[in-house]
Amino acid sequence: MRIIIAPIVIGTLVLAGTLPAAAQSKPASDQGASVHVATTRDQIADRNSYTQKAQDEVRIWQQKLHDFDAKVQAKTTEAQTSASKDLDDAWTQTKTASARLEAAGEKDWDSAKASFQTASHKLAVAWHKVNPADK
């Protein structure tokens, strides 16, 4: 992921450095192209920001699940086993959705984002079932 982000960040910085000078030297009819590039740059920044937040959320869930597994391994009932399986399934869906979100192109972005949000919500519900005191 860092390999993909680095060229995007570098490309964005290069564009940001050249746009003001290019905008000043172009006739008024070319100003629309500069606005389009700025809009595209904002969309990329928004996507990168959302993807970073999703990665942070996945890391938090990963730590919670690790801690939970360590605590519960000693005493497990059938209900806890079922809830734990639901939690594991929700975690797997969330990781898959997160990976899809990171790899999504412009056409697939909205779908990948919705899938991540749905999976993340299911994970939170499954977590609440096994840990009602911890949200």
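Structure first, text after, so check above.
Every chain's residues receive numbers from 1 upward, in the order its sequence appears when written. Only residues with pLDDT of 70 or above have their local features reported here, since the model is predicted, and side-chain atom pairs are shown and tallied only from 80 upward, although totals for entire chains, interfaces and linings are computed over all residues. Side-chain numbers come from the whole structure's heavy atoms, not from hydrogens or water.

Novice: Tell me what's going on with the overall build of the protein chain, and back it up with residues and numbers.
Specialist: Only runs of H or I of at least four residues qualify as helices and only runs of E of at least two qualify as strands under DSSP, and these elements are numbered from the N terminus. Looking only at helices and strands, the protein chain features four helices and zero strands. Only protein chains enter the area calculation, which uses a 1.4 Å probe; residues under 20% of their type maximum are buried, those over 50% are exposed, and those in between are partly exposed. Counting across all 135 residues of the protein chain, residues that qualify as buried make up 23%. For the protein chain, the exposed surface amounts to about 9,200 Å²; the carbon and sulfur share of it is 58%. Here the open area of atoms and residues is found with the Shrake-Rupley method and a 1.4 Å probe, where only the protein chains shown may cover a residue.

Novice: Before we move on, can you summarise the packing of aromatic side chains with the specific residues and values?
Specialist: A pair of aromatic rings is counted whenever rings of Phe, Tyr or Trp (Trp by its six-membered ring) have centres within 6.5 Å, and the orientation is called stacked for planes under 30 degrees apart, edge-to-face for over 60 and tilted otherwise. Tallied over the full model, the rule gives three aromatic pairs. A ring pair is formed by Tyr50 and Trp109, whose centres lie 6.0 Å apart and whose planes are at 85°; its orientation type is edge-to-face. Linking Tyr50 in helix H2 (residues 31-72) with Trp109 in helix H4 (residues 109-130), this pair joins segments that are 59 residues apart in sequence. Ring geometry for Phe68 against Trp127: centres 5.7 Å apart, planes inclined by 70°, an arrangement best described as edge-to-face. Note that Phe68 is positioned in helix H2 and Trp127 in helix H4, a separation of 59 residues in sequence.

Novice: I'd like a rundown of the pattern of salt bridges, residues and numbers included.
Specialist: Note on definitions: salt bridges are taken to be side-chain nitrogens of Lys or Arg within 4 Å of carboxyl oxygens of Asp or Glu. A complete count under the given rule lists two salt bridges for this structure. Linking Asp56 and Arg59 is a salt bridge whose minimum nitrogen-to-oxygen distance equals 2.7 Å. Of the two residues, Asp56 and Arg59 are both situated in helix H2; the distance of three residues between them amounts to about one turn of the helix. Lys85 serves as the salt-bridge partner of Asp89, at 2.9 Å between the closest nitrogen and oxygen. One end of the pair, Asp89, and the other, Lys85, are both in helix H3 (residues 78-103), four residues apart, so they sit about a helical turn from each other. Judged by relative accessible area, Asp89 falls into the partly exposed class, the value being 34%.

Novice: Residue-level account of H4, with values.
Specialist: The periodicity of an α-helix, 3.6 residues per turn, causes residues three or four positions apart to be oriented the same way. One fewer than the residue count of a helix, multiplied by 1.5 Å, yields its expected span. Compared with the 32 Å implied by 1.5 Å per residue over 22 residues, the 32 Å span of H4 between its first and last C-alpha is a close match. Of all the residues in H4, the buried ones are Trp109, Ala112, Phe116, Ala119, Ser120, Leu123, Ala126, Trp127 and Val130. Summarising the axial view, the buried residues of H4 lie within an arc of 125°, below the 170-degree limit, and thus occupy one face. Exposed side of H4, more than 90 degrees from the buried face: Asp110, His121 and Lys129 are the residues found there. Here, the arc refers to the directions that run from the helix axis to the C-beta atoms.

Novice: Break down the nonpolar core for me, with residues and values.
Specialist: Counting 21 residues, the largest nonpolar core has Leu87, Leu101, Phe116, Leu123 and Trp127 as its most contacted members. Broken down by secondary-structure element, the contributors of at least two residues to this core are H2, H3 and H4. Ranked by residue count, the leading element in this core is H4, at eight residues. In plain words, nonpolar cores are sets of buried Ala, Val, Leu, Ile, Met, Phe, Trp, Tyr and Cys residues tied together by side-chain atoms within 4.5 Å.

Novice: I'd like to hear about the side chain of Ser120, residue by residue, with values.
Specialist: Residue position: Ser120 is located in helix H4. Using a relative accessible area of 11% as the deciding quantity, one classes Ser120 as buried. Excluding residues within four positions of it along the chain, Ser120 makes contact with Glu57 and Thr94. Only heavy atoms matter for contacts: two residues are in contact if any of them lie within 4.5 Å across the pair.

Novice: Just give me the short version of the environment of Trp61, but keep the residues and values in it.
Specialist: Tracing the chain through its elements places Trp61 in helix H2. Residue class for Trp61 comes out buried when judged on its relative accessible area of 7%. Taking the C-alpha atoms as reference points, Trp61 and Ala124, 63 residues apart in sequence, are found 9.0 Å from one another. With sequence-adjacent residues up to four places away left out, Trp61 is seen in contact with Trp91, Leu123, Ala124 and Trp127.

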